[in-house]
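Next come the chains, spelled out residue by residue.
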Amino acid sequence: MNDFTDGKADSLNPRKGNYLFGAKLSKEELTNVPWHICCVMVPFLAYFAYVGGGELFILLLFMIVINIIYNYKPFRLKERPPFEILIQVGYVFTALFSIQLNNLEMLPWQTMLYLTLFAFQAHIAGEIMDIEPDKLVGKKTTAVLIGRKNAKFLMLFLLLFEAYILKFWFDDWVLSGFLAIFSLWLILDIFVFFKEKPYSVKQMKIFGIAINISAILSMIWVLYSGNLLHPNF
């Protein structure tokens, strides 16, 4: 859905057109994307509704609706700052889906808050990299609205808040330490290295690879430690 409704912006985005950051396709190539989505999704929607009952069906339907109001007019929240950031809470519903499907115990609210903040922060990082192509097509985002430097400050605030939650709510030195190091790098980015300058495509690819590697390592750590299941209060 995102590729289908952002074709114009993606066509002008130098970081698009690869497996790391997503496709760059023509309007003709994108024409049948919604039908392809339906063909893939409907069988799974029917299956999970069958095995999980009405509650799981409603949850899946809600996740689909979130995608629609994020991408399509008249809502198109992806161009209504700051709602395009707030609606990223939809990613957390994948965890709720797994809990419901597998009859698991609900995650602590502290964990859900951390995951939500992480989704916000990750989305802002993407907006910062896309300021120039978004401006070219008149796409409004929080990063476009407040500027690159202020968007980085917002991202830094979220990172520090996440590090605080991990350290003082979960006693997780590993993840909180990693986010603290990332925060230090972002401070150097803001005041020393890049400031208001955009990243080059090569730099964005290096960042993208590094973020994906760190994400995989963090998932391994979360599964191994189980820290996010046991808040201090």
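- Where an unreviewed UniProt entry is consulted, the chain appears under the name Prenyltransferase, with the organism given as Aequorivita soesokkakensis.

### Notes on the overall build of the chain
Then, number 1: In terms of regular secondary structure, the chain is built from twelve helices and zero strands.
Then, number 2: In the chain, the succession of helices and strands from N to C terminus is α-α-α-α-α-α-α-α-α-α-α-α.
Then, number 3: For 233 residues, the compact-globule estimate of 2.2 N^0.38 gives 17 Å, and the chain sits close to it at 19 Å.
Then, number 4: For the chain, the spread of C-alpha atoms along the three principal axes comes to 55 × 50 × 30 Å.
Then, number 5: Residue burial in the chain is summarised as follows: out of 233 residues, 38% are buried.
Then, number 6: A separation of at least 24 residues holds for 67% of the contacts in the chain among residues at least 6 apart in sequence.
Then, number 7: Across the chain, the centroid of the 20 positively charged side chains sits 9 Å from that of the 18 negatively charged ones.

### Thoughts on a nonpolar patch on the surface
Then, number 1: A cluster of nonpolar side chains, F153, L184, W185, I187, L188, F191, V192 and F193, forms an exposed patch at the surface whose accessible area comes to about 700 Å².
Then, number 2: We classify W185 as partly exposed; its relative accessible area is 32%.

### What about unusual backbone geometry?
Then, number 1: Cis peptide bonds are those with omega within 30 degrees of zero, and the linkage from K73 to P74 qualifies with 5°.
Then, number 2: Here P74 is to be found in the loop between α4 (33–71) and α5 (83–86).
Then, number 3: Geometrically, the link from P81 to P82 is a cis peptide bond, its omega value of 0° lying close to zero.
Then, number 4: Phi angles above zero are rare outside glycine, and N103 is one such case at about 55°.
Then, number 5: Summarising the element assignment, N103 is placed in the loop between α6 (93–102) and α7 (109–129).
Then, number 6: In the Ramachandran plot, K195 falls in the positive-phi region, its phi being about 55° despite a non-glycine side chain.

### Description of the packing of aromatic side chains
Then, number 1: One pass over the structure, following the stated rule, counts 19 aromatic pairs.
Then, number 2: Pairing F157 with F161 gives two aromatic rings, centres 6.2 Å apart and planes at 45°, and the pair type is tilted. With F157 and F161 both in helix α10 (residues 148–169), this residue pair falls four residues apart, about one helical turn.
Then, number 3: For F157, a relative accessible area of 52% corresponds to the exposed category.
Then, number 4: Taken together, the aromatic side chains of W185, F193, F194, Y199 and F207 make up a single cluster linked through ring pairs.
Then, number 5: The ring of F21 has R15 sitting right over it, with the charged end atom 4.7 Å from the ring centre.

The rules behind these values
Residues numbered from 1 in each chain as written. Predicted model: local features only at pLDDT ≥ 70, side-chain atom pairs only at ≥ 80, totals over all residues. Heavy atoms only, no water. Helix = DSSP H or I, 4+ residues; strand = E, 2+ residues; numbered from the N terminus. Rg over C-alpha atoms; globule rule 2.2 N^0.38 Å. Buried < 20%, exposed > 50% of the residue type's maximum accessible area, 1.4 Å probe, protein only. Contact = heavy atoms within 4.5 Å. Lys, Arg positive; Asp, Glu negative; His and termini not counted. Charge placed at Lys NZ, Arg CZ, Asp CG, Glu CD. Patch = residues over 30% accessible without salt bridge, like charges linked within 9 Å, V, L, I, M, F, W, Y side chains within 5 Å. Areas by Shrake-Rupley, 256 points an atom, 1.4 Å probe, with all protein chains shown as cover. Salt bridge = Lys/Arg side-chain N within 4 Å of Asp/Glu carboxyl O. Phe/Tyr/Trp six-rings, centres within 6.5 Å; stacked < 30°, edge-to-face > 60°. Lys NZ or Arg CZ within 6 Å of the ring centre and 35° of its normal.

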